[in-house]
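Summary of structural features
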Amino acid sequence: METGNDSQQIVRQLIREHGNAIYNFIARMVTSRADAEELAQDTFVKAYHSWDSYDPDKSSVRTWLCLIAYRLSLNHLRRKRPSVVSIDEALPDDSVSDEALDAGLSTGLQRRIDTMNRAIGLLSPDEQTLLTLYYHEGLPLADIAFIMESRPMPLANRLYRIRKKLYRLIQQMENH
């Protein structure tokens, strides 16, 4: 990155163009507003210091900033060590059809939405991030793979498994 006023202008422009998106991305991963604000600041400081590593042939600036935010947020969550329930072990591995899965996860009923939000809260931060990037941010799997340092096909498979996990957890919550 250039020095002096040019560098400051570039950082200001990055924050102006991507600040809200990066903050919102982080806020979906961490529960504390103060933590989200601090992590968003840390993201732009880290971007400033590692600007030379940005490769426009590999990703957009926003995707690169999301990668930095993702790493910082995961490190933050690991330090806090939240308790995460593994519902893979708690629920039977019965087969769910694609039709049942789509129907069970796509209702607009407020009660179901509240249950789904509680179920999403039980997922690991990594699983929550994958859902957020794909469904809320609408990012293509290639960009998500870059951010999560993976490959698109395994992420597509993982996304499907997470949807099944959510479906089973919602069924369990509604039946109790």
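Residues numbered from 1 in each chain as written. Predicted model: local features only at pLDDT ≥ 70, side-chain atom pairs only at ≥ 80, totals over all residues. Heavy atoms only, no water.

1. Overview of the overall build of the chain
For clarity, the cut-off: Numbering of helices and strands runs from the N terminus; a helix is a DSSP stretch of H or I covering at least four residues, while a strand is a stretch of E covering at least two. Each residue is assigned to one of three classes by its accessible area relative to the maximum for its type, calculated with a 1.4 Å probe on protein chains only: buried under 20%, partly exposed between the two thresholds, exposed over 50%.
Scanning the chain from terminus to terminus reveals 9 helices and 0 strands. Each helix and strand of the chain, ordered N terminal to C terminal, gives the series α-α-α-α-α-α-α-α-α. Counting the 176 residues in the chain, one finds 40% classified as buried.

2. Some details on helix H6 (residues 110-121)
Under the convention used in this document: Here the expected span of a helix is defined as 1.5 Å times the quantity of residues minus one. This arc describes the spread of directions from the helix axis toward the C-beta atoms.
When the terminal C-alpha atoms of H6 are compared, their 17 Å separation across 12 residues agrees well with the 16 Å that a helix rising 1.5 Å per residue should span. Where H6 is concerned, the buried positions are Arg112, Thr115, Met116 and Ala119. All buried residues of H6 project into a common sector of 100° when viewed along the axis, lining one side.

3. Here we look at the packing of helix H2 (residues 33-49) against helix H3 (residues 61-80)
Inclusion rule: As a rule, the C-alpha atoms of each element are fitted with a line to give its axis, helices using only the stretch in contact, and angles between N-to-C directions run from 0 to 180 degrees. Our angle categories are set so that under 35 degrees counts as roughly parallel, over 145 as roughly antiparallel, 65 to 115 as roughly perpendicular, and the remainder as oblique. Two helices crossing with the near one rotated counterclockwise from the far one by less than a right angle form a left-handed crossing, whereas a clockwise rotation gives a right-handed crossing. Here, two residues are considered to be in contact whenever any of their heavy atoms come within 4.5 Å of each other. As a working rule, the residues Ala, Val, Leu, Ile, Met, Phe, Trp, Tyr, Cys and Pro are called nonpolar, Asp, Glu, Lys and Arg charged, and the rest polar, with Gly in that last group.
For the pair H2 and H3, interaxial distance at closest approach is 9 Å and the crossing angle is 130°. Taken together, the axes of H2 and H3 are oblique relative to one another. Here the hand of the crossing between H2 and H3 comes out right-handed. Listed contacts from H3 to Asp35, Leu39, Asp42, Thr43, Phe44, Lys46 and Ala47 of H2 are Trp64, Leu65, Ile68, Ala69, Leu72, Ser73, His76 and Lys80. Each residue belonging to the contact of H2 with H3 can be placed in one class, and the counts come to 8 nonpolar, 3 polar and 4 charged.

4. Topic: H2
Test applied: Polar contact criterion, stated in full: a pair of N or O atoms within 3.5 Å, where within protein one must be able to donate a hydrogen and the other to accept it, and residues adjacent in sequence count only if both atoms are side-chain atoms.
Under the 1.5 Å per step criterion, the end-to-end length of H2 is 24 Å for 17 residues, consistent within 8% with the ideal 24 Å. Two to three positions downstream of the cap, the backbone nitrogen of Ala34 sits 3.3 Å from a side-chain oxygen, assigning the N-cap of H2 to Ser32.

5. So, the confidence of the model for the chain
Threshold: Confidence of the predictor in every single residue is expressed as pLDDT, which spans 0 to 100.
Of the residues in the chain, 80% have a pLDDT of 70 or more, and the chain-wide mean is 82. When the criterion is pLDDT under 50, residues 82-93 qualifies, and its contacts beyond four places in sequence or with other chains add up to 16 contacts.

6. Observations concerning the nonpolar core
Rules: Nonpolar cores are built from buried Ala, Val, Leu, Ile, Met, Phe, Trp, Tyr and Cys residues. Side-chain atoms within 4.5 Å join them into one set.
If you look at the biggest cluster of nonpolar residues, it comprises 39 residues, and the most contacted ones within it are Phe25, Ile26, Leu65 and Met148. Of all the elements in the fold, those that place two or more residues in this core are helix H1 (4-27), H2, H3, H6, helix H7 (125-136), helix H8 (141-147) and helix H9 (152-174). When residues of this core are assigned to their parent elements, the largest contribution, 10 residues, is made by H3. Among all residues touching Leu65, those that are not within four sequence positions of it are Leu14, His18, Ile22, Thr43, Phe44 and Ala47.

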